[in-house]
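# Structure assessment
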Amino acid sequence: MKKKKVLITGITGQDGSYLSEFLLEKDYKIYGTVRRGSTPNTERIKNIIDKIELLDADLLDFSSVFKAIKTVKPDEVYNLAAMSYVPTSWKEPVLTVDIGGVGVINVLESIRLIDKRIKFYQASSSEMFGKVRESPQNENTPFYPRSPYGIAKVTGHWITVNYRESFNMFAVSGICFNHESPRRGLEFVSRKISYNVAKIKLGFAKELKMGNLDAKRDWGFAGDYVKAMWLMLQQDKPENYVVATEETHSVKEFLEIAFNYVGLDYKKYVKIDKNLLRPAEVDRLVGDATKIKTKLKWRPEVKFKDLVKMMVDADLKLLSGKTKD
């Protein structure tokens, strides 16, 4: 039987690495794109680097995207590339929206011209809901983004819907709520907490500066969420799905669990820094995953407390071999 081929943009990121591992188990032939002229950080995929093939492509350059898709002729394309850190999107708003909008168009237009049978997954985000209109948020909740990142994701989301409806393409958006792992970048609040808890426990740091501790998020494990992405592309009909745990936890809860896990009281180490507050805060996000649970039988497997402990354990292991400066 012929191997299925997949092309993943953003393959070197958190989701790209977990998705690659998952699809290797499904016996896919995996191709990933990296920006031309850049030196890609392949740390997250170093354990599978010899089992995948990397191609040069820049989402903002149509010709390079077209060439990559035409070369691979994939069965499935997962568009996971983005300027994915919300605070950075305020510093680079034009680039953020370009990648989230023009970049998605370039991929979809390439698929339309090369082979409309190619299935397409767009990584949408709960940040599209922003200043939420209702709670919990489902596939029909109106969007009210509160950052250039959220705006970029709304743009990519609606472009995907437009191509699906206009050209009869199998194009879906997975509206994923926050999903974390030990592979999360250090700039994200979840990893910032786990990494600094490990540093404090090991004597490398004495305090942790934080912004809004009352912000609440629906946090899941990235390894669970990539399975949902794959399931969406195995269906007969292309539909959008919210992917969430349906639980909400505050940043303060994340801190409490992480510090308690290593026997420390977070109140003794956490300092509030007003410079870390967002220009426009998203206070509470929680997803309604009824549709994906009912139709695709998907369930998150890793619980919130176990996710926090997993991340702290990984950072303790990462830092334990280092010496103090």
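Residues numbered from 1 in each chain as written. Predicted model: local features only at pLDDT ≥ 70, side-chain atom pairs only at ≥ 80, totals over all residues. Heavy atoms only, no water.

### Some remarks on the overall build of the chain
The condition that has to hold: Secondary structure follows DSSP: runs of H or I at least 4 residues long count as helices, runs of E at least 2 residues long count as strands, and numbering of each begins at the N terminus. Throughout, radius of gyration means the C-alpha value; the globule benchmark is 2.2 Å times the number of residues raised to the power 0.38. Contacts between residues were defined by any pair of non-hydrogen atoms, one from each residue, lying within 4.5 Å. In these tables, accessible area is a Shrake-Rupley quantity obtained with a 1.4 Å probe, and a residue counts as shielded only by the protein chains included in the view. His residues and chain termini do not enter the charge count, which takes Lys and Arg as positive and Asp and Glu as negative. Working definition for charges: the position is that of NZ of Lys, CZ of Arg, CG of Asp or CD of Glu.
Scanning the chain from terminus to terminus reveals 10 helices and 13 strands. Computed over C-alpha atoms, the radius of gyration of the chain comes to 20 Å, within 12% of the 20 Å expected from 2.2 N^0.38 for 325 residues, which places it in the range of a compact globule. Within the chain, counting contacts between residues at least 6 apart in sequence, those at least 24 apart form 79% of the total. For the chain, the accessible surface area stands at approximately 15300 Å², while carbon and sulfur atoms represent 49% of it. Averaging the coordinates of the 54 positive side-chain charges in the chain and doing the same for the 42 negative ones gives two points 1 Å apart.

### Overview of helix α5 (residues 148–167)
Since there are 3.6 residues in each turn of an α-helix, residues three or four apart along the chain are aligned in direction. Heads up, the rule is: Expected helix span is taken as 1.5 Å per residue step, with the number of steps being one fewer than the number of residues.
Taking 1.5 Å as the rise per residue, α5 with 20 residues should run 28 Å; its terminal C-alpha atoms sit 28 Å apart, in good agreement. One or two steps after α5, the chain reaches N168, where phi turns positive at roughly 55°.

### Description of the packing of helix α1 (residues 14–25) against helix α7 (residues 222–232)
For the record, the criterion: Axis definition: a line fitted to C-alpha atoms, limited for helices to the stretch in contact. Angles are taken between N-to-C directions and run from 0 to 180 degrees. Oblique is the label for any angle not under 35 degrees, not over 145, and not in the 65 to 115 range, which are roughly parallel, roughly antiparallel and roughly perpendicular in turn. The sense of a crossing depends on the near helix, which, turned anticlockwise from the far helix by less than a right angle, makes the crossing left-handed and, turned clockwise, makes it right-handed.
Where α1 contacts α7, the two axes come as close as 9 Å, and the packing angle between them is 65°. Looking at the two axes, α1 sits roughly perpendicular to α7. Every pair of crossing elements has a handedness; the one defined by α1 and α7 is right-handed. Along the contact surface, α1 presents Q14, D15, Y18, L19, F22 and L23, while α7 presents A222, G223, V226, K227, M229 and W230.

### Focus: the environment of D313
Let me state the cut-off plainly: Remark: exposure states derive from per-residue accessible area (1.4 Å probe, protein chains only) relative to the maximum for the residue type, with buried under 20%, exposed over 50%, and partly exposed in between.
Considering the arrangement of structural elements, one finds D313 in helix α10 (residues 304–320). Classification of D313 as partly exposed rests on a relative accessible area of 37%. Separated by 55 residues in sequence, D313 and A258 have C-alpha atoms that sit 9.7 Å apart.

### Considering the layout of surface pockets
For clarity, the cut-off: In this analysis, the protein atoms alone were mapped onto a 1 Å grid. Cavities are point sets where a 1.4 Å probe fits without being able to get out; pockets are open sets with protein on both sides within 12 Å along at least five of seven lines; lining residues have an atom within 4 Å of a point. Grid points are joined across faces, edges and corners, and a volume is the space filled by probe spheres set on the points. Asp, Glu, Lys and Arg are counted as charged, while Ala, Val, Leu, Ile, Met, Phe, Trp, Tyr, Cys and Pro are counted as nonpolar; the rest, among them Gly, fall into the polar class.
Put simply, the second largest pocket is a space of about 390 Å³. E43, R44, P182, R183 and R191 are the residues nearest the centre of the second largest pocket, which is lined by 14 residues in total. If you list the elements that add at least two residues to the lining of the second largest pocket, you get α1 and α10. For the lining of the second largest pocket, the element with the most residues is α10, which contributes 3 residues. Here the residues of the lining of the second largest pocket sort into 4 nonpolar, 2 polar and 8 charged.

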